[in-house]
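Letter by letter, the chains look like this.
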Amino acid sequence: MTVRVRIAPSPTGNLHIGTARTAVFNWLYARRHGGTFILRIEDTDQERSRPEYTENILSGLQWLGLQWDEGPIQQSDRLDRYRDAVQTLLDRGLAYRCYCTADELEVMRTAQKASNQAPRYDNRHRNLTPEAEEKLIAQGRKPVIRFKIDDDRTITWNDQIRGAMTWQGRDLGGDMVIARTPEGDEAFGQPLYNLAVVVDDLDMEITHVIRGEDHIANTAKQILLYEALGGTVPHFAHTPLILNTEGRKLSKRDGVTSIDDFRQMGFTAEAIANYMCLLGWTPPDATQEIFTLEEAAAQFELERVNKAGAKFDWHKLDWLNSQYLHQMPVAALTDLLIPHWQNAGYDFDPVGDRPWLEELTTLVAPSLTRLPDGVGEARLLFGSALTFDEKATAHLQQAEVKGIVEGAIAALKENEVADLEGVKAIVDQITKTAAVKKGLVMKTMRAALTGELQGPDLMQAWLLLHRKGQAVNRLEQTLALLATF
Ligand code: GLU
């Protein structure tokens, strides 16, 4: 059997973290078994589906590295297939037209509620006589198509994650609507989710349906449809929900839901993909936490996916992200940081200053957890006009400061300072000639070059400023400040 799996998002919103995690598991499963990963866009809900959401889903999956092998297949292109399937079910006597109005269904539900019964359709139009049907049509009623569900039927499947699952037909809410008749259309033009999914999964020869546990109740209904349409029932695997730190389903209230949100917060695709593998799956070596999708695929088994909800742990994600940022090749990290520096309004030429930007990246990389951290870390290195904070101003009022700053300016003008050794030599020289402690020279230079007493490694920052032609300029601004004391 060749494994064929799919991710089937509805384009009614941006790529959701839960959908992306399900996509990861499908992708891993396909790669593990040399199978095919299919992308299907479930856009039958015309009112809520939007092309921009489809775009967002496609680009989000690609960003994560989840390239699909077939698709995207749009359900809206396949309406004829669903109509054929509905017709087949009608012809086989397995489905029928139900003419109940919304009001009638409401009255029925209210009565059920009043007698403490679970809400369900009571199958009242299952066996209409042709005459009764004529009458209802004559009243101008539009039918929906309902699929018969036998109350006494027991439906079972062996869920690859959750084990043996059993449902009773009577718990499925009565005969289910599989298609509606849109206004102005004589045919049952609008298929409903459960029907479209089964027709698609059959046509696409899906062998394993791996999806969120919120679809478990649909699975029982879908198995009945597979049987009715004469198809082979695929294997099912229902993945655990993603929970927030309080143990509730991760939602908009947690501040992030879509993959775009994470991207904008400065997480890398690799870290997100890696973290999503860990959201519910445990590698055979449970201590292994950092791996690529390919590495995870080589060992992925559905049996090692947990049944219990997967708690979203921001600290873990931050830690993973920092690991990726710290080990990323400098050119790639520079590419990621440049847009953040541009957004911050820093003045630089992304092409002309490239070698300098890469050095700056090397300087800030070890301090990064998320990409926007690079903005704060690099802030003191951009621009020419210096502002001095309170602490730096206080420090610069010491008597020895002037000599140190003048000595540094002279040394920078006289010497070819090409590397860190050159900067260190200047510090040593000033320490000697000014006969002060090295610590004082360092602190003074930090204040004089950056206007603050805290920041990235001083020697490297100094060298970078010097390379940009800013070291002497800034030291002269400091001298101008000293003159005002
Ligand atoms: N379209 C469904 C969703 O976005 C998924 C259907 C399925 O995987 O069977 O939740």
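Right above here is the structure, for reference.
So, here is what we can say about the structure in this document. (Residues numbered from 1 in each chain as written. Predicted model: local features only at pLDDT ≥ 70, side-chain atom pairs only at ≥ 80, totals over all residues. Heavy atoms only, no water.)

## Some remarks on the packing of helix 16 (residues 401–414) against helix 20 (residues 471–482)
- At a closest axis distance of 10 Å, the pairing of helix 16 and helix 20 adopts a crossing angle of 155 degrees. Classified by the interaxial angle, the pair formed by helix 16 and helix 20 is roughly antiparallel. The interaxial crossing formed by helix 16 with helix 20 has left-handed handedness. Across the interface between the two elements, Val-401, Lys-402, Val-405, Glu-406, Ala-408, Ile-409, Leu-412 and Lys-413 of helix 16 pack against Ala-471, Val-472, Leu-475, Glu-476, Thr-478, Leu-479 and Leu-482 of helix 20.
- When grouped by side-chain class, the residues that make up the contact of helix 16 with helix 20 number 10 nonpolar, 1 polar and 4 charged. (Axes fitted to C-alpha atoms, helices over the stretch in contact; angles between N-to-C directions. Helix = DSSP H or I, 4+ residues; strand = E, 2+ residues; numbered from the N terminus. Parallel < 35°, antiparallel > 145°, perpendicular 65-115°, else oblique. Left-handed = near helix turned anticlockwise from the far one by under 90°. Contact = heavy atoms within 4.5 Å. Nonpolar A, V, L, I, M, F, W, Y, C, P; charged D, E, K, R; others polar.)

## Section: the site of the ligand
- Taken together, Arg-6, Ala-8, Pro-9, Ser-10, Glu-42, Tyr-193, Val-197, Arg-211 and His-215 make up the full set of residues adjacent to the ligand.
- Between the ligand and the protein, one listed contact pairs an oxygen atom with a side-chain N or O atom of Arg-6 at 2.8 Å.
- In the model, a nitrogen atom of the ligand is placed 2.7 Å from a nitrogen or oxygen of the Ala-8 main chain.
- Burial of the ligand by the protein amounts to 81% of the accessible area it has alone, namely 300 Å².
- One can see that the ligand is located within the largest pocket.
- Here the residues of the shell around the ligand are counted per class, giving 4 nonpolar, 2 polar and 3 charged. (Near = heavy atom within 4 Å. Polar contact = N/O pair within 3.5 Å; in protein donor to acceptor, adjacent residues only side chain to side chain. Areas by Shrake-Rupley, 256 points an atom, 1.4 Å probe, with all protein chains shown as cover. 1 Å grid on protein atoms, 1.4 Å probe; cavity = no way out; pocket = protein on both sides within 12 Å on 5 of 7 lines; lining within 4 Å. Sits in = over half its atoms within 2 Å of the grid points.)

## Some words on the pattern of salt bridges
- Per the counting criterion, the structure on display carries 31 salt bridges.
- Between Arg-81 and Asp-84 there is a salt bridge, with the nearest N and O atoms lying 3.9 Å from each other. With Arg-81 and Asp-84 both in helix 3 (residues 79–91) and 3 residues apart, the pair spans about one turn of that helix.
- Accessibility expressed as a relative area gives 33% for Arg-81, which makes it partly exposed.
- Its salt-bridge partner being Glu-213, residue Arg-162 comes within 3.2 Å of it at the nearest N-O pair. Residue Arg-162 is located in the loop between strand 6 (154–159) and strand 7 (163–168), and its partner Glu-213 is located in the loop between strand 10 (208–212) and helix 7 (216–228); the two are separated by 51 residues in the primary sequence.
- Taken together, the shared-partner salt bridges in this structure form one network comprising Arg-6, Arg-40, Glu-42, Arg-78, Arg-81, Asp-84, Asp-200, Asp-201 and Asp-203. (Salt bridge = Lys/Arg side-chain N within 4 Å of Asp/Glu carboxyl O. Buried < 20%, exposed > 50% of the residue type's maximum accessible area, 1.4 Å probe, protein only.)

## Re the packing of helix 16 against helix 18 (residues 438–450)
- Following both chains from N to C, one finds helix 16 and helix 18 inclined at 75 degrees, their axes separated by 10 Å at the closest point. The angle between the axes of helix 16 and helix 18 places the two elements in the roughly perpendicular class. Contact residues: helix 16 offers Val-401, Ile-404, Val-405 and Ala-408, while helix 18 offers Leu-440, Val-441, Thr-444, Met-445 and Ala-448.
- Tallied by class, the residues present in the contact of helix 16 with helix 18 amount to 8 nonpolar, 1 polar and no charged.

## With respect to the layout of surface pockets
- Reported here for the largest pocket is a volume of approximately 1200 Å³.
- Around the largest pocket, the lining is made up of 45 residues, and of these Ser-10, Thr-12, Thr-19, Asp-214 and His-215 lie nearest the centre.
- Those elements that provide at least two residues to the lining of the largest pocket are strand 1 (4–7), helix 1 (17–32), strand 9 (190–191), helix 6 (193–203) and strand 10.
- Residues belonging to the lining of the largest pocket are distributed by class as follows: 15 nonpolar, 17 polar and 13 charged. (Points joined across faces, edges and corners; volume = space filled by probe spheres on them.)

## Points about helix 1
- For helix 1, with 16 residues, the first-to-last C-alpha span of 22 Å sits near the 22 Å given by 1.5 Å per residue.
- Of all 16 residues making up helix 1, 13 are buried, and the element is well covered by its neighbours.
- Within two residues after helix 1, Gly-34 carries a phi angle of roughly 60 degrees, on the positive side. (Expected span 1.5 Å × (residues − 1).)

## Quick word on the side chain of Asn-26
- Along the chain, Asn-26 falls in helix 1.
- Among the polar contacts listed, one links the side chain of Asn-26 to the backbone oxygen of Ile-210, at a separation of 2.9 Å.
- Not counting residues within four places of it along the chain, the set of residues in contact with Asn-26 comprises Val-5, Arg-6, Phe-37 and Ile-210.

## Focus: unusual backbone geometry
- Omega for the peptide link from Gly-71 to Pro-72 comes to 0 degrees, which places this bond in the cis form.
- Looking at the secondary structure, you find Pro-72 in strand 3 (residues 70–74).
- Even without being a glycine, Asn-123 presents a positive backbone phi close to 60 degrees.
- In this structure, Asn-123 sits in the loop between helix 4 (102–114) and helix 5 (130–138).
- With a relative accessible area of 14%, Asn-123 lands in the buried category.
- The backbone phi angle of Glu-205 is positive, close to 50 degrees, even though this residue is not glycine.

## Things to note about the packing of aromatic side chains
- Counting across every chain of the model gives 16 aromatic pairs.
- Between the aromatic rings of Tyr-275 and Phe-312, the centroid separation amounts to 5.3 Å while the plane-to-plane angle is 85 degrees, which identifies the pairing as edge-to-face. With Tyr-275 in helix 9 (residues 269–278) and Phe-312 in the loop between strand 13 (310–311) and helix 11 (314–327), this pair connects stretches of sequence that are 37 residues apart. Each member of the pair, Tyr-275 as well as Phe-312, is classed as buried. (Phe/Tyr/Trp six-rings, centres within 6.5 Å; stacked < 30°, edge-to-face > 60°.)

## A word on the sheet that holds strand 2 (residues 36–41)
- The parallel open sheet is built from 3 strands, whose spatial order is 1-2-3. With one partner strand each, in any of the chains shown, strand 1 and strand 3 form the two edges of the open sheet. Between one strand and the next, the sheet's axes are offset by a mean angle of 25 degrees, whatever the strand orientation.
- Strand direction decides the pairing type here: strand 2 and strand 3, joined by 3 bridges, are parallel. Across the sheet, residue Ile-38 finds its bridge partner in strand 3, namely Glu-70.
- Contacting strand 1, strand 2 and strand 3, helix 2 (residues 51–64) runs over the sheet at an angle of about 160 degrees to strand 2. (Pairing = 2+ DSSP bridges.)

## What about helix 9?
- In terms of burial, helix 9 is largely enclosed, as 9 of its 10 residues are buried.
- Buried within helix 9 we find Ala-269, Ala-271, Ile-272, Ala-273, Asn-274, Tyr-275, Met-276, Cys-277 and Leu-278.
- Structurally, helix 9 contributes buried residues whose contacts are with helix 1, helix 2, helix 8 (259–264), helix 10 (293–297), strand 13 and helix 11.
- Count one or two residues on from helix 9 and you reach Gly-280, which has phi positive near 120 degrees.

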